[in-house]
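Remarks on the overall topology
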Amino acid sequence: MTQKIKHILSLRMLCLSLLIIFGDKAATSFAQELNITPLPMSVAMDSEGRQFELPRKFTVAMYGVSDPKVWADVDRFVRKLSFATGKKGTIERKEQGHFRMVQDKTLPAEGYVLIVSEKDVEVRFSSSAGCYYALQSFMKMLPPNVILGKEGEKKTDYLVPCITIQDQPRFGYRGFMLDVSRHFFTPDEIKRVLDIMSIYKMNRFHWHLTDDQGWRIEIKKYPKLTEVGSVSKDMLMNDEKQTKYWHGKPYGPYFYTQEDIRQIVQYAAERHIEIIPEVDMPGHMMAAMAAYPEFSCHPERTYEVWTQNLGLSVDILNVGNPNAVQFARDVVEELCQMFPGPEIHIGGDECPIMQWEKNPECDQLRKKLGLSSHRALQSWFIGEMAQVAALHGKGLFAWNESVTAQGADMTPLKENNVKVMCWVGAQPAARKATSQGLDVVITPIGPYYINRKQWNSPDEPYAAGPGNDSLSVTYNYIPVPHDISPDLSHRYIGVQATFWTEFVSSSHYMEYLMLPRLMAVAEAGWTQEAQKNFPDFVRRFNADIPLLDLGGYNYGKHYQYK
Ligand code: ACM
C-alpha cells in the first residue's frame, strides 16, 4: 500500500472514530429511520443527507484480499446486485473501486465496518462472515428486490444514504429450529427459510430431522429408516383455514436424500448458516422402531410410524443392546459425514425410561457401568454419541433434560463438553448447566417457541399448545438474566427460535407463525440489549413488509400499521 493510501485510510478511520464517539445523537435519530434488522451496534449518518448512487458500471476492488471464501461471497454479491439492478459489476484486484473490500484482522470475527460516501463504499471485515453481513446491510438499504435477488424495474434509482455502520453480533449462535418430522417441508421450502434467516443475520439452522412421526433423512447403512420410517398410514393435517383434518391416505415417503442434504448444506453455507442436524434419541424414535424393531426394548412387537401428532411414546431405543447402540453410532457417523458444521444434535428430550427399568440388558449395563440410576444410562449414551462426533472434530448438542432430568449424570456431559439447549424451565436449566461448565443456547418454550399462537384470539388458526406469545413477548424476553455473573454469562452462547410442526402442515402457515417473531429472536441474537427498542423494531418490521410481500412470505399482521 502506498503512503498516500495509508494516509487516506487513517484519516477515514479517524473520521469513523469521531463519528462513533460524537455521533450518538445522530445515530439515535438516524437509527429511528434506518431499516436494518437486527439493529446495528453503531450508526452515524451524513448530516447533509448525501447519497451514494450505484453507477451503471461498478467495480469492486479486492486488493490484498486472499481469503477464497470472501472472493466467492463477493462474486455472488456482484452477480446478485448486477442482476437485480440491471447494472454491470466487475471484481478487480485493484486498490480503488466503487466498492473497496478491506480485510482488517483487528475487527471481531463476524463484525464489520461499512462506510458509504457519495463516491464509494468501503467494507472492512476480518472474516468472510463479517464481509457477508456488511454486504447484507448494504443491500438492505436498497429496494427489497436487491436482497431478494429479484430483477427490479429498469427505471429504479439505486441510492444508499452516506453512512458509517460499525457492527458486530451480541451472540455467536443465532438459531432457528424447524421440525420436519411431524410435517415435512420440501427442499425449496427449507431454502426459503434459509433466505429469510440470512436477511436477518441468523447463522444456525437446527434441523429436527427425526421423531415419532417420521424419519426424514436418508441413512445409507439403514435404508429401512426412510423406506419404512418416512411414511405414516395417515397424518393429522392443519392449515390456516381448517383447524384439523385427516390426510386420508399415506403421508410419505417424505425424506431428504443425501444429495438433497448436500445441496441444502451448500445453499446454507453460501448464506453463512451452519446446519445442526438433529436425530432425536433415545426417545421420540417410533419411526425408527417401526423400521428396526430389533433395536427397541421389545423386539417382538411391531411398531407403526405415528399418525397422531401429540403424545409421548414409552417405546425407546434399548441402550442395553450393544447392536442398538452401534446403530445409533452408525447414524451419527453418517450424519457427521453429511454435515460439515461444527456441531450435531442428539435430541435427548422427553424420554420416559420405564422400559429400561424393566429390561435385563439395560439393568446389566447400568450395573456394569456402576450407575446409580437408569436415567444415568441416557447420560452415558449421550457421552458415547459425543465421542463419535468428536472423532469428526464436532461437538454435540442435547436438550436440557440431559442435565435436568432426575438422576441425570453430569459426568459424561462435562467430559465431552456437551452443549445444552434450554427449553423447559429454560433459565434454571441454563443456570445448572453453566454452573457445571457447560455452554447453553436459550430457546424457552413460550416466547421463543414461535409455532405457538401469536395472539390471544379465537380467530387465530390452531397452533401448537394452548398458549400464545405476541411479538412483544418474544421481543422483550431477556435471554441472559441480569444477575448472571460475567464468569458464567459467556457460557450463554446464543438464542434460538424453535418451531414444532405437530399442528402446522403447510409452509404458508409455518411462515405466518414464524414471521415476524423470527425477526425478534434475530434481534435478540445480534443487537446489544441496551439498544433494543420495541416500537422502533415494530417500525422496522413495517418497513420490511414490502420485502416480505415481494418475497411471497406469509406473516402475522398483528403489528402491521393500519
Ligand atoms: C422439546 O420441545 N421437546 C424440546
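Residues numbered from 1 in each chain as written. Predicted model: local features only at pLDDT ≥ 70, side-chain atom pairs only at ≥ 80, totals over all residues. Heavy atoms only, no water.

1. Thoughts on empty space enclosed by the protein
Within this structure, the stated rule accounts for one cavity of 30 Å³ or more. Each pocket or cavity is described by its volume, and for the largest cavity that value is around 30 Å³. Lining of the largest cavity is provided by Gln454, Leu471, Pro516, Phe541, Gly556, His558 and Tyr559. For the lining of the largest cavity, the per-class residue count stands at four nonpolar, three polar and no charged. (1 Å grid on protein atoms, 1.4 Å probe; cavity = no way out; pocket = protein on both sides within 12 Å on 5 of 7 lines; lining within 4 Å. Points joined across faces, edges and corners; volume = space filled by probe spheres on them. Nonpolar A, V, L, I, M, F, W, Y, C, P; charged D, E, K, R; others polar.)

2. Description of the pairing of strand E19 (residues 419-422)
Here E19 shows two buried faces, one formed by Lys419 and Met421 and the other by Val420 and Cys422. As paired elements, strand E18 (residues 395-399) and E19 share three bridges and run parallel to each other. Paired with Phe397 across the bridge in E19 is Lys419. Here E19 pairs with strand E20 (residues 440-442) via three bridges, running parallel. Paired with Val420 across the bridge in E20 is Val440. (Buried < 20%, exposed > 50% of the residue type's maximum accessible area, 1.4 Å probe, protein only. Helix = DSSP H or I, 4+ residues; strand = E, 2+ residues; numbered from the N terminus. Pairing = 2+ DSSP bridges.)

3. Some words on the pattern of salt bridges
All chains considered together, the criterion is met by 36 salt bridges. A salt bridge links Asp363 to Lys367; its shortest N-O distance comes to 3.2 Å. Taken as a pair, Asp363 and Lys367 lie in helix H12 (residues 360-369) at a separation of four residues, close to a single helical turn. For Asp536, the salt bridge goes to Arg540, with nearest N and O atoms at 2.9 Å. (Salt bridge = Lys/Arg side-chain N within 4 Å of Asp/Glu carboxyl O.)

4. Observations concerning the layout of surface pockets
Considered as a void within the structure, the largest pocket measures approximately 480 Å³ in volume. In this structure, the largest pocket is lined by 23 residues; those nearest its centre are Lys80, Ile147, Leu148, Asp195 and Arg271. Those elements that place two or more of their residues in the lining of the largest pocket are helix H3 (68-85), helix H4 (128-140) and helix H6 (187-199). Sort the elements by how many residues they give to the lining of the largest pocket and H3 lands first, with six residues. Across the lining of the largest pocket, the residue classes tally to 10 nonpolar, four polar and nine charged.

5. Here's the deal with H3
Helical geometry note: an α-helix holds 3.6 residues per turn, so side chains three or four residues apart project in the same direction. Spanning 18 residues, H3 covers 26 Å between terminal C-alpha atoms, matching the ideal 26 Å at 1.5 Å per step. The set of residues buried in H3 consists of Val70, Asp73, Val74, Phe77, Val78, Leu81, Ser82, Ala84 and Thr85. All buried residues of H3 lie within an arc of 165 degrees about the axis, which places them on one face of the element. Turned more than 90 degrees away from the buried face of H3, the exposed residues are Pro68, Lys69 and Arg79. Check the buried side of H3 and you find it contacts strand E3 (57-61), strand E4 (88-92), strand E5 (99-103), strand E7 (121-125), H4 and helix H5 (144-147). Looking at where H3 begins, the residue whose side-chain oxygen comes 2.8 Å from the main-chain nitrogen of Lys69 is Asp67. Of the residues flanking the end of H3, it is Gly86, one or two places downstream, whose phi is positive at about 80 degrees. (Expected span 1.5 Å × (residues − 1). Arc of directions from axis to C-beta. Contact = heavy atoms within 4.5 Å. Polar contact = N/O pair within 3.5 Å; in protein donor to acceptor, adjacent residues only side chain to side chain.)

6. Section: the sheet that holds strand E10 (residues 173-179)
The strand order around the closed barrel built from eight strands is E10-E11-E16-E17-E18-E19-E20-E21, with neighbouring strands paired in parallel fashion. Within this sheet the neighbouring strands show an average axis-to-axis angle of 30 degrees, counted without direction. The sheet contact formed by E10 and strand E21 (residues 492-499) spans six bridges and is parallel. Paired with Leu178 across the two strands is Phe499, which belongs to E21. (Axes fitted to C-alpha atoms, helices over the stretch in contact; angles between N-to-C directions.)

7. Digging into helix H8 (residues 258-269)
Taking 1.5 Å per residue as the helical rise, H8 with its 12 residues ought to reach 16 Å, and the 16 Å between its terminal C-alpha atoms agrees with that figure. Those residues of H8 that fall on the buried side of the exposure criterion are Gln258, Ile261, Ile264, Val265, Tyr267 and Ala268. For H8, the elements touching its buried residues are H6, strand E11 (204-208), strand E16 (274-281) and helix H10 (322-338).

8. What to know about the sheet that holds E4
Pairing is mixed across the open sheet formed by seven strands, whose spatial order is E1-E9-E6-E7-E5-E3-E4. Each edge of the open sheet is held by one strand with a lone partner, namely strand E1 (42-45) and E4. Averaged over all neighbouring strand pairs, the angle between strand axes comes to 10 degrees, with direction disregarded. In terms of strand pairing, E3 meets E5 through two bridges, oriented parallel. Counted as the bridge partner of Val60 is Phe99 from E5. In this fold H4 packs onto E5, strand E6 (112-116) and E7, with an angle of close to 35 degrees to the strand it touches most, E6.

9. Structural notes on the packing of aromatic side chains
Each aromatic ring pair is specified by the distance between its two centres and by the angle formed by the two planes. Considering all chains together, one arrives at 33 aromatic pairs under this definition. Residues Phe99 and Phe138 carry aromatic rings whose centres are separated by 5.2 Å and whose planes lie at 80 degrees to one another, so their mutual orientation is edge-to-face. Note that Phe99 is positioned in strand E5 and Phe138 in helix H4, a separation of 39 residues in sequence. An angle of 70 degrees between the planes, with centres 5.0 Å apart, marks the rings of Tyr462 and Phe503 as edge-to-face. Remark: Phe503 occurs in the loop between E21 and helix H19 (507-514) and Tyr462 occurs in the loop between E20 and helix H17 (471-476); sequence separation between them is 41 residues. An aromatic cluster of at least three residues, connected via ring pairs, comprises Phe184, Phe205, Trp207, Tyr251, Tyr254, Tyr256 and Phe339. (Phe/Tyr/Trp six-rings, centres within 6.5 Å; stacked < 30°, edge-to-face > 60°.)

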